[in-house]
Amino acid sequence: MALPSTFLPAFVFLTFCLCLYPHLASAKHGSTGVTRHYKFNIRMHNVTRLCQSKSIITVNGKFPGPRIIAREGDRLVIKVVNHVSNNITIHWHGIRQLRSGWADGPAYITQCPIQTGQSYVYNFTIIGQTGTLWYHAHVSWIRSTLYGPIVILPRRNTSYPFVKPYKEVPIIFGEWWNNDTEAVINQALQTGAGPNNSDAYTINGLPGPLYNNCSSPKETFRLKVKPGKTYLLRIINVALNDELFFKIANHTFTVVDADASYVKPFETDTIFITPGQTSNVLFKTKNLTSNAKFMMAARPYSTAAARTFDNTTVTGVLEYMSDTMSSSSNTSIKGLPLPTLPAINATAHVANWTNKFRSLGNSQFPVNVPQTVQNRYFFAVGLGSDRCPKNQTCQGPNGTKFAASINNISFTSPTIALLQARYFGKSNGVFTTDFPSTPLSPFNYSGTPPNNTMVSHGTKAVVLPYNTTVELVMQGTNIFGAENHPLHLHGFNFYVVGQGTGNYNSTTDPANFNLVDPVERNTVGVPSAGWVAVRFRADNPGVWFMHCHIEIHLSWGLRMAWAVMDGKLPNQKLPPPPSDLPKC
């Protein structure tokens with residue numbers, strides 16, 4: 001049936017209104033929230049950056065992708081239609097997905113990919129989360145361009161536990177690749193070497209003026225602010241392979257949130273954020289009356305010895321505006337000083353940063369860290385190697401291929417989604433439940449690496465009875481160099497109860513655990529040549545991916561799964577899969 005000619009303008013106006021006033025997006029009011037409908041058309045779209053044009057995979061032709069706005073307690077119904085030749089899945093990063101594991105999104109873990117010309121409706125409710133999260137493709141390296149922010153506002157008639165901001169602005173750190181990232185990862189896996197680097201970092205999709213002389217002024221992000229106002233910056237690191245420092249010259253931030261959980265506010269002039277992490281920060285502008293401008297910059301943190309990384313700096317501009325000033329994207333920024341960022345390998349700075357985070361922990365936002373533990377695990381996390389196939393020359397260490405593992409198990413991706421296999425009782429031949437709770441061959445993890453660096457391979461999961469408590473210590477290894485590994489757990493938040501340098505000591509280190517107000521996160525950095533301890537309650541039935549959010553490490557096998565069993569009550573069981581769940 002043909003649509004009336006007035007439909008498109010009206011639809012555009014309505015969409016604009018819903019972005020400004022998300023409460024108008026409700027299609028149906030429930031007792032706890034509203035239902036919000038979105039449609040994601042996955043399409044190729046031509047984008048020009050660094051003087052080169054290329055066709056990239058996008059949501060609705062936007063890069064970065066469109067903003068999802070909801071309130072805590074709302075239900076989201078998002079129809080994803082795949083119009084590209086690649087298989088697609090989308091992960092709603094950080095959403096707990098309580099009893100909605102079919103909507104979590106990692107390929108071959110909770111679903112098979114959406115094939116060309118097919119669609120899938122992701123249906124889930126946001127429960128107990130307020131802040132900033134994000135969505136991204138979760139198959140191969142497609143998330144390099146397919147990503148966007150999720151803004152979760154407080155429930156109606158409630159407020160932030162801090163001053164109400166004048167305005168909220170997403171700050172999304174990403175990467176730009178002149179080459180096709182699918183070709184980049186395919187080449188790396190074929191040769192066994194580290195991957196080629198990205199060509200630039202970006203702020204909200206824009207690389208800034210430091211990269212080359214022919215970049216358009218439109219390729220520089222400009223944060224336009226008014227004097228004497230408080231802004232809420234919703235910061236997300238979507239980069240494939242790099243952790244980042246961020247700073248605005250002559251300004252400071254107040255950190256109020258991490259991974260959509262409130263924290264005790266603290267001030268800083270430098271933000272550190274790993275791939276996968278989000279943070280809300282308050283940013284108060286100065287009482288300046290002139291059209292003042294200040295540079296902002298982000299560059300990587302890395303201790304990687306086994307691979308190169310994009311050692312460049314992305315810049316943007318903070319631009320003060322008054323009600324009477326006009327703005328131009330061509331206003332000069334030449335001569336503005338860059339902010340001083342920490343050294344590339346500033347591990348001590350990163351440790352001090354992560355130690356500042358504490359849960360808000362008041363009566364309205366209590367801390368529910370498990371005080372007793374029923375299941376303890378010790379995971380050694382790091383790189384390793386694979387033998388080079390016969391009749392092939394490999395470019396990894398000593399003629400091998402790079403690999404990565406947890407407890408020396410490098411994850412092999414199945415061809416049937418683990419959740420489907422588990423739900424229908426067909427796990428045999430798909431995955432096994434014998435993932436080791438400790439390394440099978442202990443060694444001096446932060447010291448001299450073992451002579452044998454070869455990994456084992458398997459599709460293995462840890463089985464957890466419903467509602468049991470878990471303590472997981474993740475120990476970084478020094479095989480082919482120590483790196484910070486941002487580990488992301490799907491389906492859960494966890495409490496970061498301890499961290500340290502060197503090897504974890506199970507006798508002395510637990511005495512220093514913070515069981516009062518530890519920060520609650522979904523992604524945590526395993527420190528370079530150090531360890532981190534987390535606790536969580538297995539109260540969400542399903543199969544849940546855990547992996548390093550440095551994409552090359554995930555591709556090399558630094559990933560595993562937790563299979564959480566159903567409870568006894570109906571509201572403790574995983575519902576049946578939706579009828580449109582993609583087939584393998």
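Model, not experiment: these values are computed from the prediction.

1. A closer look at the pattern of salt bridges
At step 1: Counting across every chain of the model gives 14 salt bridges.
At step 2: Note that lysine 264 and aspartate 517 form a salt bridge whose closest N and O atoms lie 3.0 Å from each other. Of the two residues, lysine 264 is situated in strand β16 (residues 261-268) and aspartate 517 in the loop between β28 (494-501) and β29 (519-521); the sequence distance between them amounts to 253 residues.
At step 3: Of the residues examined, aspartate 517 reaches a relative accessible area of 14% and is grouped as buried.
At step 4: Counted as one network, the salt bridges with shared partners bring together Lys264, Arg358 and Asp517.

2. Re the state of the cysteines
At step 1: What the rule picks out here adds up to two disulfides.
At step 2: The disulfide partner of cysteine 112 is cysteine 584, and the S-S distance across this bridge is 1.5 Å. You can see cysteine 112 sitting in the loop between β6 (90-93) and β7 (119-125) and its partner cysteine 584 sitting in the segment after β33 (559-564), a full 472 residues away along the chain.
At step 3: The class of cysteine 112 is buried, set by a relative accessible area of 0%.
At step 4: Its relative accessible area of 53% is what places cysteine 584 among the exposed residues.
At step 5: Here cysteine 388 pairs with cysteine 394 through a disulfide, and the sulfurs are 2.1 Å apart. Taking the sign of the S-S torsion, 80 degrees for the link of cysteine 388 and cysteine 394, the bridge is right-handed.
At step 6: We classify cysteine 388 as partly exposed; its relative accessible area is 22%.
At step 7: Residue cysteine 394 is classed as buried on the basis of its relative accessible area, which comes to 8%.

3. Topic: the sheet that holds strand β27 (residues 485-489)
At step 1: With respect to topology, five strands assemble into an open sheet ordered β25-β33-β32-β27-β30, the strand pairing being mixed. Each edge of the open sheet is held by one strand with a lone partner, namely β25 (461-464) and β30 (523-526). Pairs of neighbouring strands in the sheet enclose a mean axial angle of 20 degrees, with direction left out of account.
At step 2: Pairing geometry for β25 and β33, over four bridges, is parallel. Across the sheet, the residue bridging to alanine 461 is alanine 561, located in β33.

4. Details of the nonpolar core
At step 1: Ranked by internal contacts, the top residues of the largest apolar core, which has 96 residues, are Leu233, Phe379, Met474, Met546 and Trp562.
At step 2: The residues contacting leucine 233, other than those within four sequence positions of it, are Val169, Ile171, Leu223, Phe253, Ser279, Asn280, Val281 and Phe283.
At step 3: Of all hydrophobic cores here, the second largest spans 45 residues; its members include Ile78, Ile88, Ile95 and Ala461.

5. A word on the sheet that holds strand β18 (residues 278-284)
At step 1: Ordered in space as β11-β10-β13-β18-β15-β16, the six strands form an open sheet in which the pairing is mixed. One side of each edge strand has no neighbouring strand; the edge strands of this open sheet are β11 (200-203) and β16. Averaged over all neighbouring strand pairs, the angle between strand axes comes to 20 degrees, with direction disregarded.

6. Observations regarding the UniProt feature "domain: Plastocyanin-like" (unreviewed entry) in the protein chain
At step 1: As recorded in UniProt, the sites labelled "domain: Plastocyanin-like" (unreviewed entry) are residues 42-156, 168-320 and 445-566.
At step 2: Taken end to end, residues 42-156 comprises 0% helix and 46% strand; its first and last C-alpha atoms sit 32 Å apart.
At step 3: Helix makes up 5% of residues 445-566 and strand 46%, with an end-to-end C-alpha separation of 36 Å.

7. Structural notes on the side chain of aspartate 257
At step 1: Looking at the secondary structure, you find aspartate 257 in strand β15 (residues 253-258).
At step 2: One buried charged residue, aspartate 257, remains without a salt bridge, the closest side chain of opposite sign being arginine 234 at 6.7 Å.
At step 3: Setting aside its immediate chain neighbours within four residues, aspartate 257 contacts Thr130, Gly131, Tyr262, Val263, Thr278, Ser279 and Asn280.

Basis of the calculations
Residues numbered from 1 in each chain as written. Predicted model: local features only at pLDDT ≥ 70, side-chain atom pairs only at ≥ 80, totals over all residues. Heavy atoms only, no water. Salt bridge = Lys/Arg side-chain N within 4 Å of Asp/Glu carboxyl O. Helix = DSSP H or I, 4+ residues; strand = E, 2+ residues; numbered from the N terminus. Buried < 20%, exposed > 50% of the residue type's maximum accessible area, 1.4 Å probe, protein only. Disulfide = S-S within 2.5 Å. Pairing = 2+ DSSP bridges. Axes fitted to C-alpha atoms, helices over the stretch in contact; angles between N-to-C directions. Core = buried A, V, L, I, M, F, W, Y, C linked by side-chain atoms within 4.5 Å. Contact = heavy atoms within 4.5 Å. UniProt positions renumbered as here; feature names shortened; annotations may be inferred. Lys, Arg positive; Asp, Glu negative; His and termini not counted.

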